[in-house]
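# Architecture at a glance
Here is what each chain is made of, one letter per residue.
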Amino acid sequence: MILGLETSCDETAAAVITEDGEILANVVSSQADLHAKYGGVVPEVASRRHLELVMPVLREALDEAGVGLDRFERIAVTQGPGLIGALLVGLSAAKALAWARRLPLAPVNHLHGHVASLFLQPDPVDPPFLCLLASGGHTLLLDVQDHGGFAVLGTTLDDAAGEAFDKGARLLGLGYPGGAEIDRLASEGDPEAYEFPIARVSGLDFSFSGLKTALLYTVRELDAGELERRKADLAASYQRAIVTALVARVEQTGADRIAVVGGVAANSELRAALPDAALAPLDLCTDNAAMISSAGRYVEAIPFARYLAVDAYASTAA
Ligand SMILES: Nc1ncnc2c1ncn2[C@@H]1O[C@H](COP(=O)(O)OP(=O)(O)OP(=O)(O)O)[C@@H](O)[C@H]1O
Ligand SMILES: [Mg+2]
């Protein structure tokens, strides 16, 4: 069995999976409420909360799986990218657990973790496939040839798709995180009410910052009453623009096996727009430790004691 920990952003998560990818426990404690009043994640607040939550969340996962620490072959943990203070809490906890049990430690790239959400039971998807990873911090087109990694074909030049949802939600006065709020409100609105721009970027890259600015200007033109009346139409049109941009890029690749992962993969319009794609299960789209444990099966684990000096990294940029 594999124990996994994830603390890269504002979810404190622990999971237990088997070598075949069966999930025995998947506990996620979201700090979203804590950060809502700031309209985004405050890194120092997140780190401190991870410190308080990491052991209780771990204990809950062990209880739920009904196993003790003696049952594990390895400990998987998110090494990066993410908030450095937040990452260090999970990494330190994982090192301590692995060291105490003389286990190997599997350091996982969080993005590999999102891809590996597809490799879990009951319906595992095996590579090769083209993968759209759309989350709060990333929008990537990935060529996934095997379970162990990926090659980047395209990325966002500015905001991530999830970030565009979150910033749009903020402009519309909706809660944080905004993706799910826009998704819900959009179902009551007309997606053709407003025409928002879809960035023309060469190759397979993305750009969402112009879209956010277009929404800002549109909202500015409306008085409070009008904004309230048109909110659902604005949400629906804005969501339509993001989804159209994502789907266009995926289709442009001409790939016949397509997968979608990350928080934005939970979006109902995106899911409906790609009926033939393999979609990450809804509960595994946003951050969780089951996906980190899953990726941990395919990375080279560092043997006992050699990992004590391993560091976290905030970004994957070389
Ligand atoms: N139904 C939805 N529709 C659109 N966006 C959504 C939906 N549900 C969640 N999101 C978005 O998903 C994002 C969170 O996803 P995730 O947890 O994968 O990102 P992250 O871990 O913060 O970023 P990264 O994985 O890039 O480090 C948020 O931006 C949120 O608004
Ligand atoms: Mg994530």
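These notes cover the structure that comes with them. The shown structure was predicted, so the numbers you read here are calculated from the model rather than taken from an experiment.

### Here we look at the environment of Pro127
- Here Pro127 lies in the loop between helix 4 (110-116) and strand 6 (129-134).
- Overall, the relative accessible area of 15% leaves Pro127 in the buried class.
- Sequence spacing of Pro127 and Val45 is 82 residues, and the spatial spacing of their C-alpha atoms is 38 Å.
- Once residues lying within four places of it in the same chain are set aside, the contact partners of Pro127 are Phe119, Val144, Gln145, Asp146, His147 and Arg257.

### Regarding the pattern of salt bridges
- In this structure the tally under the stated criterion is ten salt bridges.
- Glu192 is the partner of Arg240 in a salt bridge, and the nearest nitrogen-oxygen pair spans 3.9 Å. Of the two residues, Arg240 sits in helix 8 (residues 224-252) while Glu192 sits in the loop between helix 6 (178-186) and helix 7 (209-221), which places them 48 residues apart along the sequence.
- The exposure class of Arg240 is partly exposed, given its relative accessible area of 29%.
- On the accessibility criterion, Glu192 (64% relative accessible area) is exposed.

### A few points about the site of ligand 1
- Taken together, 21 residues surround ligand 1, and among them Ser135, His138, Asp166, Asp183 and Asp287 come closest.
- Within the complex, the protein chains bury 89% of what would otherwise be the 650 Å² of accessible surface of ligand 1.
- One can see that ligand 1 is located within the largest pocket.
- Put simply, the parts of the chain that give the shell around ligand 1 at least two residues each are helix 4, helix 5 (161-171) and helix 6.

### A look at the pairing of strand 8 (residues 151-155)
- Pairing between strand 7 (residues 139-144) and strand 8: four bridges, direction antiparallel. Bridge pairing in strand 8 places Leu140 opposite Thr155.
- With antiparallel pairing between neighbouring strands as the criterion, strand 7 and strand 8 make up a hairpin whose turn holds six residues.

### Brief notes about the layout of surface pockets
- Considering only enclosed or pocket space, the largest pocket measures out at about 1,200 Å³ in volume.
- What lines the largest pocket is a set of 43 residues, and nearest its centre among them are Ser135, Gly136, Gly137, Asp166 and Tyr176.
- Put simply, the parts of the chain that give the lining of the largest pocket at least two residues each are strand 3 (23-30), helix 4, helix 5 and helix 6.
- The dominant element in the lining of the largest pocket, judged by the number of residues it contributes, is helix 5, at six residues.
- Classifying every residue of the lining of the largest pocket by side-chain character gives 16 nonpolar, 18 polar and nine charged.

### A few points about the coordination of the magnesium ion (ligand 2)
- At 2.0 to 2.2 Å from the magnesium ion (ligand 2) lie its protein donor atoms, namely His110 (NE2), His114 (NE2) and Asp287 (OD).
- Read in sequence order, the donor residues for the magnesium ion (ligand 2) give the motif H-x3-H-x172-D. Highlighted residues: His110 and His114, both in helix 4, separated by four residues, approximately one helical turn.
- Take His110: its relative accessible area is 6%, and that puts it in the buried class.
- Judged by its relative accessible area of 2%, His114 is buried.

### Some points on the packing of aromatic side chains
- Evaluated as defined, the whole model comprises five aromatic pairs.
- Residues Phe119 and Phe129 carry aromatic rings whose centres are separated by 6.4 Å and whose planes lie at 55 degrees to one another, so their mutual orientation is tilted. Placement of the pair is Phe119 in the loop between helix 4 and strand 6 and Phe129 in strand 6, with a sequence separation of ten residues.
- Look at Phe119 and Tyr298: their rings are 5.7 Å apart centre to centre, the planes differ by 85 degrees, and that puts the pair in the edge-to-face class. Of this pair, Phe119 sits in the loop between helix 4 and strand 6 while Tyr298 sits in the segment after helix 10 (290-296), and the two are 179 residues apart along the sequence.
- Look at Tyr298 and you get partly exposed, because its relative accessible area is 30%.

The rules behind each value
Every chain is numbered on its own, with residues counted from 1 as its sequence reads. For naming, the first written chain is A and the first written ligand is 1, with later ones following in the order written. Note on the predicted model: pLDDT of at least 70 is required for a residue's local features to be given, and 80 or more for side-chain atom pairs to be given and counted; whole-chain, interface and lining totals, by contrast, use all residues. In computing side-chain values, all of the structure's heavy atoms are included and hydrogens and water are not. Per the convention used, a helix needs a DSSP run of H or I reaching at least four residues, while a strand needs a run of E reaching at least two, with both numbered from the N terminus. When a residue's accessible area, from a 1.4 Å probe over protein chains only, is under 20% of the maximum for its type it is buried; when over 50% it is exposed; and in between it is partly exposed. We call two residues in contact whenever any of their non-hydrogen atoms come within 4.5 Å of each other. Any carboxyl oxygen of Asp or Glu that lies within 4 Å of a side-chain nitrogen of Lys or Arg is treated as forming a salt bridge with it. In these notes, residues near a molecule or strand are those with any non-hydrogen atom within 4 Å of it. Using the Shrake-Rupley algorithm and a 1.4 Å probe, accessible areas are obtained, with residue cover drawn only from the displayed protein chains. Grid points spaced at 1 Å and placed over the protein atoms alone form the basis of the search, with a cavity being a set where a 1.4 Å probe fits but cannot get out and a pocket an open set showing protein on both sides within 12 Å along at least five of seven lines. Lining residues have an atom within 4 Å of a point. Assignment of a molecule to a cavity or pocket requires that more than half of its atoms lie within 2 Å of the corresponding grid points. By the convention used here, strands pair only if DSSP detects at least 2 bridges between them. Grid points are joined across faces, edges and corners, and a volume is the space filled by probe spheres set on the points. Polar here means any residue outside two lists: the nonpolar Ala, Val, Leu, Ile, Met, Phe, Trp, Tyr, Cys and Pro, and the charged Asp, Glu, Lys and Arg; Gly therefore counts as polar. Shown as donors are all N, O and S atoms within 2.8 Å of a metal ion, widened to 3.2 Å for Na, K and Ca; because water is not in the atom set, sites may appear incomplete. The rule is short: rings of Phe, Tyr and Trp, with Trp giving its six-membered ring, pair when the centres are within 6.5 Å, and they are stacked under 30 degrees, edge-to-face over 60, tilted in between.

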